[in-house]
Amino acid sequence: MISLPWSYPYPSPPGSGFWGPRTSTIDWCEENYVVSTYIAEAMNTITNGMFVALAAFAIYNAVVQKHERRFILTAMGFALVGIGSWLFHMTLQYEYQLLDELPMIYATCVPTWAVFSYARNRKDTILLGVYIFLGASILTAVYLHFKDPTIHQAGYAVLTGMVLFRSLYLIVTKIEDAHARADMWRTVIIGIATFLSGYGLWMIDIHFCGTLRVARRAIGMPYGFLLEGHGWWHILTGLGVYYYLVFLEYLRICLVGRAPDYDYVWEWGFFPHVDLKKKKSAAKVSKKNN
C-alpha cells in the first residue's frame, strides 16, 4: 500500500451486508460493503446526491420562474431517477434497480413529446403522446421479460438521441436570434461533453475494473474513492442532464415567442438557468425618466 497522509486501508469485502444477498442483475466495480455494512456501494450511492440536488433546483427554478409544467414534470422524473439509483446502489436489490432504470425512460418521454409536438395541432399532439406512451410500455414489458440491461440502455440511448437531434434541428431551422442561438449551442456542447466524459469514465470502470480495484487498495481510502468511475458517471451525467433541461426550457421559450420576458443567466460562468427578467420599480423608472 502506498503511504499517503490520512489514508486508511480498505477492509476485506464481507460476505454480505445489511440488505442481504444481491438480487439485481448488475453489480458494479465498487467493492460491496467495504465502507459500511449498511451501504452496498458507498460512492455509487452518495454521488447520486448530485443528480437529486440538480433536479431539486430545476424544479424550484421552474416553479419560481413560471416555466411550463412539462419542465417541472421532467425534472421530477430525473429526481426520481436519482432517488432510485441511490436506493439501487445502496441495496443492490432488483426492485430498486428497476426504480433506477425505468424512470430514465419515462422522464425522457416528456421532452420527447415536447420537441416532436412543436407546431402540431391538438389531435396530432395527443396521438403523439399516445404513441410515446405505448412505445415506453412495450420497452418496459420487453425489458421486464428478458431482464437484459442492454435492452434498457439501448432504448434509453435511442430515445435520448431522438430528442437531441430534433432539438438541434429546431435550433437551426427556427431560432433566428443569434445571441439566443449562441447560448443554446454553448449549453448543448457543454452538456454533451459532460455527459460523454461521464460515459467514458463508466466504460473505463467496466473494462479496467480489476486494475482499478488494485489501484484503490494501493492508495487506500479516501483517495481510492476518486477512482470510482461509476460514481463519476452519476456526477457528470447529472450535470449533463441539467444542462439539457435548461437548454430545452430556453428553446421552448424562444419557440413560443416568450424570449423577451426572460434572461439566460450563466451563474459563475458555467451554471445556466433561465429567469424571468426583473421588473424595475415604478420609482426607479420615474427617476430615470426625469
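About the thresholds
Residues numbered from 1 in each chain as written. Predicted model: local features only at pLDDT ≥ 70, side-chain atom pairs only at ≥ 80, totals over all residues. Heavy atoms only, no water. Disulfide = S-S within 2.5 Å. Helix = DSSP H or I, 4+ residues; strand = E, 2+ residues; numbered from the N terminus. UniProt positions renumbered as here; feature names shortened; annotations may be inferred. Salt bridge = Lys/Arg side-chain N within 4 Å of Asp/Glu carboxyl O. Buried < 20%, exposed > 50% of the residue type's maximum accessible area, 1.4 Å probe, protein only. 1 Å grid on protein atoms, 1.4 Å probe; cavity = no way out; pocket = protein on both sides within 12 Å on 5 of 7 lines; lining within 4 Å. Contact = heavy atoms within 4.5 Å. Core = buried A, V, L, I, M, F, W, Y, C linked by side-chain atoms within 4.5 Å. Patch = residues over 30% accessible without salt bridge, like charges linked within 9 Å, V, L, I, M, F, W, Y side chains within 5 Å. Areas by Shrake-Rupley, 256 points an atom, 1.4 Å probe, with all protein chains shown as cover. Points joined across faces, edges and corners; volume = space filled by probe spheres on them. Nonpolar A, V, L, I, M, F, W, Y, C, P; charged D, E, K, R; others polar. Axes fitted to C-alpha atoms, helices over the stretch in contact; angles between N-to-C directions. Parallel < 35°, antiparallel > 145°, perpendicular 65-115°, else oblique. Pairing = 2+ DSSP bridges.

Asks: Can you help me understand the state of the cysteines in this one?
Replies: Working definition of a disulfide: a covalent bond connecting the sulfur atoms of two cysteines. Per the counting criterion, the structure on display carries one disulfide. Here Cys29 is linked by a disulfide to Cys209, with a sulfur-sulfur distance of 2.2 Å. Across the S-S bond linking Cys29 and Cys209, the dihedral sits near 100°, which makes this disulfide right-handed. In this pair, Cys29 is assigned in the segment before helix H1 (42–46) and Cys209 in helix H8 (residues 209–219), connecting sequence segments 180 residues apart.

Asks: How do you make sense of the UniProt feature "transmembrane region" (unreviewed entry) in the protein when you look at a structure like this?
Replies: Look at the UniProt record and you will see "transmembrane region" (unreviewed entry) annotated at residues 46–64, 71–90, 102–119, 126–146, 152–172, 184–204 and 231–251. Segment residues 126–146 splits into 100% helix and 0% strand. End C-alpha atoms: 31 Å apart. End-to-end, the C-alpha atoms of residues 231–251 are 30 Å apart, and along that stretch the chain is 100% helix and 0% strand.

Asks: In this structure, what is going on with the pattern of salt bridges? I would like to understand it.
Replies: Opposite charge on two side chains lets them pair, provided their charged atoms get close. Following the criterion strictly, the structure yields six salt bridges and no others. The shortest N-O distance in the salt bridge between Asp27 and Arg22 comes to 3.7 Å. Under the relative-accessibility criterion, Asp27 is labelled partly exposed at 34%. Residue Arg22 is classed as partly exposed on the basis of its relative accessible area, which comes to 43%. Across the salt bridge formed by Glu68 and Arg252, the nearest N and O atoms sit 2.7 Å from each other. Residue Glu68 is found in the loop between helix H2 (48–64) and helix H3 (69–91), and its partner Arg252 is found in helix H9 (residues 229–255); the two are separated by 184 residues along the sequence.

Asks: What am I meant to see in the UniProt feature "binding site: Zn(2+)" (unreviewed entry) in the protein here?
Replies: Mapped onto the present numbering, the UniProt feature "binding site: Zn(2+)" (unreviewed entry) falls on His89, His230 and His234. Judged by maximum C-alpha separation, these annotated positions cover 146 residues in sequence but sit close together in space, the widest gap being only 11.3 Å. Of the annotated positions named here, the largest pocket is lined by His89, His230 and His234. Within the secondary structure, His230 sits in helix H9. Setting aside chain neighbours within four positions, we find His230 in contact with Trp28, Asn44, His89, Trp202 and Asp205. Positionally, His234 belongs in helix H9. Excluding residues that lie within four positions of it along the chain, His234 makes contacts with Asn44, Thr47, Asn48, Phe51, Ser85 and His89.

Asks: Would you mind going over the nonpolar core with me for this structure?
Replies: Of all hydrophobic cores here, the largest spans 30 residues; its most connected members are Ile175, Met184, Phe247, Tyr250, Leu251 and Val274. Counting residues per element, the ones that place at least two in this core are H2, H3, helix H6 (149–174), helix H7 (178–207), H9, strand E1 (262–267) and strand E2 (271–276). The element best represented in this core is H9, accounting for 11 residues. If we ignore the near neighbours within four places in the chain, the residues touching Val274 are Asn61, Gln65, His67, Val246, Glu249, Tyr250, Ile253, Tyr262, Asp263 and Tyr264.

Asks: For this particular structure, what's the right way to read a nonpolar patch on the surface?
Replies: Residues Ile126, Leu127, Val130, Tyr131, Phe133 and Leu134 make up a contiguous nonpolar surface patch of about 590 Å² in total accessible area. We classify Leu134 as partly exposed; its relative accessible area is 43%.

Asks: Before we go on, may I ask you to explain the layout of surface pockets in this structure?
Replies: By volume, the largest pocket amounts to about 950 Å³. Considering the residues around the largest pocket, the lining is formed by 43 residues, among which Met104, Tyr156, Thr160, Phe195 and Trp233 are closest to the centre. For the lining of the largest pocket, the elements supplying multiple residues, two or more each, are H2, H3, helix H4 (94–116), H6, H7 and H9. Grouping the amino acids of the lining of the largest pocket by side-chain chemistry returns 26 nonpolar, 15 polar and two charged.

Asks: Would you explain the packing of helix H5 (residues 122–146) against H6 in this entry?
Replies: Helix-helix packing: each pair is described by the crossing angle between the helix axes and the interaxial distance. Between H5 and H6, the least distance of the axes is 8 Å, while the angle of their chain directions is 160°. Classified by the angle between their axes, H5 and H6 sit roughly antiparallel to one another. The residues of H6 that touch H5, namely those facing Leu139, Val142, Tyr143 and Phe146, are Pro149, Ile151, His152 and Gly155. Across the contact of H5 with H6, the residue classes break down as six nonpolar, two polar and no charged.

Asks: Would you mind going over the pairing of E2 with me for this structure?
Replies: Every regular strand shows the same layout, with side chains that alternate between the two sheet faces. Across the six residues of E2, five count as buried, placing the element largely inside the fold. As paired strands, E1 and E2 are joined by six bridges and run antiparallel to one another. Counted as the bridge partner of Glu267 is Phe271 from E2. Here E1 hands over to E2 after three residues, with Trp268 in that stretch at a positive phi of 60°.

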